[in-house]
Amino acid sequence: MILNISIVLVMVAACIFLLMPRLRTSQDWRAVITPLASIIGSGFLVLGPILARNYGVYAPGMMAVLCLTAWLFGSAIRFNIKAIEDKVPSGPFGAGIETASSWSLAFAYFISVAYYLNLFGSFGVNLIPGTEAVHAKLVTSAVFLLILAVGWGRGFRSLERLEYTSVALKLAIIAGLFIGLGAFFARHVQDADLVFETPHVTGWNALFLAFGLLITVQGFETSRYLGGEYSADTRIRSMRQAQLISTGIYLVYMLLIAFVFPRSELGTSETAIIDMMQFVAPILPILLVAAALAAQFSAAIADTAGSGGLIEEQSGHRLSARSGYLLLTLTGIGLTWVADVFDIINYASRAFALYYLLQAALAVCYARSRGSAALLPFLYGLLALLGLLITLFGQAVEGG
C-alpha cells in the first residue's frame, strides 16, 4: 500500500511539474517534446521484456548498443539539417537521394502507424478478461477507421493539441514506474537474489534480432521536419537533448528489470510487461496500460499526419494528404490481419533503417561538398552500410 501511494504521489508531482505554464510554453522544451514523444512510445514497454528474455545479463548492454546506433543515425540527420541551413550543395546525387528519403519515410510511417495501433489494441484489451488476439485486431481496425475519418474530415489540428498532455502523462507514469522498479530492485539486492540469466540468443541471431528492434528507439528524425516552427540550431539541439533523455530513461529501465525477473516470468507477448509489473506493485499495470494507450494514439496521429503531408508534397500535390491517409489506413489494416505485432515491429525497423541509410548517404554528399576531411564521408558511408544491413537482415522476435 505504501509503495502504491508513493508511486501515485511521484506521478502526480511529475505531472504537475511538466504541466507548469513556464515549462509548457517554453519553445526549447516543446522542441524537445516532439522527438521525445516519438522515441518513448509503447516500444519502451515492449522492449524491456524482449531484451531481458533474449539477452539475459547482456540486456542493458544491448540497450546501450541500440541507443548508440540511434545516436549515430541522429548525427547524420543533424549534419544534414545544418548543411541545408547553410545552403551547402548536395552534389549530383543529393536531390535524388533526398526525394527517395522522403518517400521512404512516408512508407515507413505506414508501417509505424500499424505498429503503434496494434500495440494500442493489444494493451487496450489486456485488462479485459476473456479477450483474444482477434479482439485486439478489431480494436486496432476500428481506431484506424476513426483516425481516417478525423483526418478526412476536420483534420488533426484539434487532436495534435493533446500531444503535450499525452507526453507529460507518459513521462509522469514512467517516473512512477521507476519508483516501483527501484524499490523492487532494492529488495532483491537486500535479499541477495538478483537474477543473472544467460543469453537466449547468441552470435548472428543476436545481432539480427537487435537489427529488428530499431523502431523501439526511433523517432528522433521528427526534428528534421520542424523547420517551419524552429530554427536549425534549435532542432539540432532539441534532437540531441531528446536522444540523451530517452537514452537515460531506457538504460535505467533495463538495469532495473534485467536482474530481477527470471526468464520464466518474462512473457512472450507484446503486453508481457503488464504481467511482470503485477509482481512489483498492483497499481502499475493499470498505469502502464493508460500510458500505452495515450502514447500510441498520439504517435499514430503524428505519423499519419506526417505521412499524408509527405505524400502530398512529394507528389507535387497530385496526391492529396487525404489520399495518403487512405493508403496508410488500408495498408495498416492489411498488416493488422496478416502479421503479428512482432512481425510489424521488424518491418517498421527495416523501413526506418532504409530511411536512415538514405539520410547517411545524403550526409556523405554534403560532407564531400563541404570539403570535409576524408574521414567524415567514410564514417557516414559506414553508417549507410549499417542501415543497409539492418534493412536486409533485421529479424523478428519470436512471440508466443
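Scroll up a little and you will see the structure.
To start, this report covers the structure provided alongside it. (Residues numbered from 1 in each chain as written. Predicted model: local features only at pLDDT ≥ 70, side-chain atom pairs only at ≥ 80, totals over all residues. Heavy atoms only, no water.)

### Side note on the overall build of the protein chain
Phase 1 of the analysis: Secondary structure summary: the protein chain contains 16 helices and zero strands in total.
Phase 2 of the analysis: The globule rule puts the C-alpha radius of gyration for 400 residues at 21 Å, and the 21 Å found for the protein chain is close to it.
Phase 3 of the analysis: Projecting the C-alpha coordinates of the protein chain onto the three principal axes gives extents of approximately 65 × 50 × 45 Å.
Phase 4 of the analysis: By the burial criterion, 54% of the 400 residues in the protein chain qualify as buried.
Phase 5 of the analysis: Only carbon and sulfur atoms are counted for the fraction: they give 66% of the accessible area of the protein chain, which is about 16,800 Å².
Phase 6 of the analysis: Taken as two groups, the 23 positive and 22 negative side-chain charges of the protein chain have centres that lie 10 Å from each other. (Helix = DSSP H or I, 4+ residues; strand = E, 2+ residues; numbered from the N terminus. Rg over C-alpha atoms; globule rule 2.2 N^0.38 Å. Buried < 20%, exposed > 50% of the residue type's maximum accessible area, 1.4 Å probe, protein only. Areas by Shrake-Rupley, 256 points an atom, 1.4 Å probe, with all protein chains shown as cover. Lys, Arg positive; Asp, Glu negative; His and termini not counted. Charge placed at Lys NZ, Arg CZ, Asp CG, Glu CD.)

### A short note on the packing of helix α5 (residues 59-85) against helix α16 (residues 375-393)
Phase 1 of the analysis: Running from amino to carboxyl end, α5 crosses α16 at an angle of 125°, the nearest separation of the two axes being 11 Å. Taken together, the axes of α5 and α16 are oblique relative to one another. Both α5 and α16 take part in a crossing whose hand is left-handed. Here Thr69, Leu72, Phe73, Ser75, Ala76 and Phe79 of α5 lie close against α16, whose contacting residues are Leu376, Tyr380, Leu383, Leu386, Gly387 and Ile390.
Phase 2 of the analysis: Residue composition of the contact of α5 with α16, by class: nine nonpolar, three polar and no charged. (Axes fitted to C-alpha atoms, helices over the stretch in contact; angles between N-to-C directions. Parallel < 35°, antiparallel > 145°, perpendicular 65-115°, else oblique. Left-handed = near helix turned anticlockwise from the far one by under 90°. Contact = heavy atoms within 4.5 Å. Nonpolar A, V, L, I, M, F, W, Y, C, P; charged D, E, K, R; others polar.)

### A few points about the nonpolar core
Phase 1 of the analysis: Phe44, Leu51 and Met277 are the most contacted members of the largest nonpolar core, which totals 131 residues.
Phase 2 of the analysis: Top contributing element to this core by residue count: helix α15 (residues 341-370), with 19 residues.
Phase 3 of the analysis: Each residue touching leucine 51, except ones within four places of it in the same chain, is listed here: Gly56, Ala59, Met62, Met63, Leu66, Leu213 and Met254. (Core = buried A, V, L, I, M, F, W, Y, C linked by side-chain atoms within 4.5 Å.)

### Points about α15
Phase 1 of the analysis: Taking 1.5 Å as the rise per residue, α15 with 30 residues should run 44 Å; its terminal C-alpha atoms sit 43 Å apart, in good agreement.
Phase 2 of the analysis: With 22 of 30 residues buried, α15 lies mostly within the body of the structure.
Phase 3 of the analysis: Of the residues trailing α15, glycine 371 is marked for its positive phi of about 75°. (Expected span 1.5 Å × (residues − 1).)

### Topic: the side chain of serine 246
Phase 1 of the analysis: Along the chain, the position of serine 246 falls in helix α11 (residues 232-257).
Phase 2 of the analysis: With sequence-adjacent residues up to four places away left out, serine 246 is seen in contact with Leu36, Ile39 and Ile40.

### A closer look at a nonpolar patch on the surface
Phase 1 of the analysis: Nonpolar side chains collect at one region of the surface, where Leu375, Phe378, Leu379, Leu382, Leu385, Leu388, Leu389, Leu392 and Phe393 lie side by side and expose about 810 Å² of accessible area between them.
Phase 2 of the analysis: Among the secondary structure elements, leucine 379 is positioned in helix α16.
Phase 3 of the analysis: Judged by its relative accessible area of 42%, leucine 379 falls in the partly exposed class. (Patch = residues over 30% accessible without salt bridge, like charges linked within 9 Å, V, L, I, M, F, W, Y side chains within 5 Å. Salt bridge = Lys/Arg side-chain N within 4 Å of Asp/Glu carboxyl O.)

### Some words on the packing of helix α4 (residues 43-55) against α5
Phase 1 of the analysis: Contact pair α4 / α5: the axes reach a minimum separation of 8 Å and the direction vectors enclose 125°. The angle between the axes of α4 and α5 places the two elements in the oblique class. Crossing of α4 against α5: the hand is right-handed. In this structure, α4 uses Leu47, Leu51, Ala52 and Tyr55 to contact α5, whose residues at the interface are Ala59, Met62, Met63 and Leu66.
Phase 2 of the analysis: Partitioned by chemical class, the residues of the contact of α4 with α5 number eight nonpolar, no polar and no charged.

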